[in-house]
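Observations on the three-dimensional arrangement
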Amino acid sequence: MQVVCCLLVYEISFPRNPEGSNSTATWKSHAFLCVVVMAKQYDVLFRLLMLGDSGVGKTCMLRRFTESEFHPSHISTIGVDFKMKTLELDGLKVRVQIWDTAGQERYQTITKQYYRRAQGIIFVYDITNEPSFQHLVKWASDVDEYAPDKVQRILVGNKSDEELGRQVTKDQGSKLAETYGMEFFETSASTSSNISESFTRVTELVLQAHKRDEDNLLGSLDDYLENAALEEEIGSEGTDDNTKNTCAC
Ligand SMILES: Nc1nc2c(ncn2[C@@H]2O[C@H](COP(=O)(O)OP(=O)(O)OP(=O)(O)O)[C@@H](O)[C@H]2O)c(=O)[nH]1
């Protein structure tokens, strides 16, 4: 676990006597050393972004996940909003900052500015609203254009509790996810079904990608150090014995 050590040194001086020396009457405290050891609240921080048409239930999903609450009213998100949550994954405290974007077209200029820094994307459609499913093509192409290449994605069909109003079959959702190479979940912010599972899964995917990046980085650092050591060795061999570089024939 990472630990932040914060060293605070206080020197409290009271007025000196005329001779300028310390006395019992005038006292000075030097050794007021305060070491504050604060445990960091998390090991790693990731940014996730929720995308999808207005009304599919992004805000409700997020509130269900972070606050275990469900509000049936629809108050459209203006621009973007975010909530935080800490998960325990692979023995790590993973803090997720989840950005809830407005689905309305008029906010797209603002919301697109958040794609660039996302490490995970949750595409959401409403299983009772076919157009929201068809519009995923557009959401996905925006992500291709504005988000980093290695961003991790999942597909979510929300409002699974509304079976009677269903317009998009589970099979359709699953096939689309397969086409895009994403994992698929049907969720309900209302009943809480699969909410935690979907947010946790996308975070796991981001964590795995993050670990791969770290391994690659360490791998290239190892290669670099090995090559540097080799070059140094060859260089020193050349200077030790000049005859080595001389043709014997
Ligand atoms: N039955 C049911 N209704 C839901 C569910 N999730 C959200 N809703 C309802 O759908 C409506 C829209 O939900 P929001 O979460 O505000 O939708 P949004 O995607 O954030 O909308 P924008 O902020 O406009 O992009 C609200 O009336 C919710 O109560 C769900 O799982 N089941």
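Above this text you will find the structure in question.
Residues numbered from 1 in each chain as written. Predicted model: local features only at pLDDT ≥ 70, side-chain atom pairs only at ≥ 80, totals over all residues. Heavy atoms only, no water.

**Topic: the site of the ligand**
As a reminder, the rule being used: Whether a residue is near a molecule or strand is decided by its heavy atoms; if any one of them lies within 4 Å of it, the residue is near. We define a polar contact as two N or O atoms separated by no more than 3.5 Å, with the added condition that, inside protein, one atom must be a possible hydrogen donor and the other a possible acceptor, whereas residues neighbouring each other in sequence contribute only through side-chain atom pairs. Each accessible area value is a Shrake-Rupley result obtained with a 1.4 Å probe; residue values ignore everything except the protein chains displayed when judging cover. Strands are runs of DSSP state E lasting at least 2 residues, helices are runs of H or I lasting at least 4, and numbering of each runs from the N terminus. As a working rule, the residues Ala, Val, Leu, Ile, Met, Phe, Trp, Tyr, Cys and Pro are called nonpolar, Asp, Glu, Lys and Arg charged, and the rest polar, with Gly in that last group.
Residues in close proximity to the ligand total 25 residues, the closest being Ser54, Thr59, Pro72, Gly103 and Ala189. Take Glu162: an N or O atom from its side chain is 3.0 Å from a nitrogen atom of the ligand. When the free accessible area of the ligand is taken as 650 Å², the share hidden by the protein chains comes to 92%. With three residues, helix H1 (residues 58-67) is the largest single contributor of residues to the shell around the ligand. Taken together, the residues that form the shell around the ligand break down as six nonpolar, 14 polar and five charged.

**What to know about unusual backbone geometry**
One non-glycine residue, Lys159, adopts positive backbone phi at about 70 degrees. With respect to the element layout, Lys159 can be found in the loop between strand E7 (152-158) and helix H5 (170-180). One non-glycine residue, Ser192, lies in the positive phi region at around 85 degrees. Among the secondary structure elements, Ser192 is positioned in the loop between strand E8 (183-186) and helix H6 (195-240).

**Concerning the packing of aromatic side chains**
Keep this limit in mind: Two rings from Phe, Tyr or Trp (for Trp, the six-membered ring) form a pair when their centres sit within 6.5 Å of each other. Planes less than 30 degrees apart are called stacked, planes more than 60 degrees apart edge-to-face, and all others tilted. Only protein chains enter the accessibility calculation, which uses a 1.4 Å probe; a residue is then buried when its area is under 20% of its type maximum, exposed when over 50%, and partly exposed in between. Only when the NZ of Lys or the CZ of Arg is both within 6 Å of the ring centre and within 35 degrees of the ring normal is a charge said to sit over the ring.
Counted according to the given criterion, the structure contains five aromatic pairs. With a centroid separation of 4.4 Å and an interplanar angle of 10 degrees, the aromatic rings of Phe65 and Phe199 are classed as stacked. In this pair, Phe65 is assigned in helix H1 and Phe199 in helix H6, connecting sequence segments 134 residues apart. For the pair Phe65 and Phe199, a shared accessibility class is recorded, and that class is buried. For the pair Phe82 and Trp99, a centre-to-centre distance of 4.7 Å together with 35 degrees between the ring planes defines the contact as tilted. Within this pair, whereas Phe82 is found in strand E4 (residues 80-89), its partner Trp99 is found in strand E5 (residues 92-101), the two being separated by 17 residues in sequence. Look at Phe82 and you get partly exposed, because its relative accessible area is 36%. Each member of the aromatic cluster is reached from another via a ring pair, and the members are Phe82, Trp99 and Tyr114. When the ring centre of Phe65 is taken as reference, the NZ or CZ atom of Lys85 above it lies at 4.9 Å. Note that Lys138 overlies the ring of Trp139, its terminal NZ or CZ placed 3.7 Å from the centroid.

**Here we look at the nonpolar core**
If you look at soluble globular proteins, the nonpolar side chains tend to sit buried side by side. Condition: Throughout this description, the term nonpolar core refers to a set of buried Ala, Val, Leu, Ile, Met, Phe, Trp, Tyr and Cys residues connected via side-chain atoms within 4.5 Å. Pairs of residues are marked as contacts when any of their non-hydrogen atoms sit within 4.5 Å.
In this structure, Met50, Met61, Ile98, Ile122 and Phe199 are the most contacted members of the largest nonpolar core, which totals 26 residues. Looking at this core, the elements with two or more residues in it are strand E3 (44-51), H1, E4, E5, strand E6 (120-126), E7 and H6. The biggest single contributor to this core is H6, with six residues. Apart from the residues lying within four places of it in its own chain, the contact partners of Ile122 are Leu49, Met50, Leu51, Ile154, Val156, Phe199 and Val202. Judged by nonpolar contacts, the second largest core, of 23 residues, contains Trp99, Phe123, Phe133 and Met182.

**Describing the side chain of Gln152**
Examined against the element boundaries, Gln152 turns out to sit in strand E7. At a separation of 3.0 Å, a polar atom in the side chain of Gln152 contacts the main-chain carbonyl oxygen of Lys150.

**Brief notes about the sheet that holds E7**
The condition that has to hold: Note on pairing: DSSP must find at least two bridges between two strands before they are called paired. Between N-to-C directions, angles cover 0 to 180 degrees, with each direction set by a line fitted to C-alpha atoms, over the stretch in contact for helices.
Read across the sheet, six strands follow the order E4-E5-E3-E6-E7-E8 without closing on themselves; strand pairing throughout is mixed. Looking along the sheet, the strands with just one partner apiece sit at the ends: E4 and E8. With strand direction ignored, the average angle separating the axes of adjacent strands in the sheet is 25 degrees. Pairing between E7 and E8: four bridges, direction parallel. By the bridge assignment, Gly157 is partnered in E8 with Glu186. The strands touched by H1 are E3, E4, E5, E6 and E7; relative to E4, the strand with the most contacts, the crossing angle is about 40 degrees. Packing of H5 onto the sheet brings it into contact with E6, E7 and E8, and relative to E8 it is tilted by some 155 degrees.

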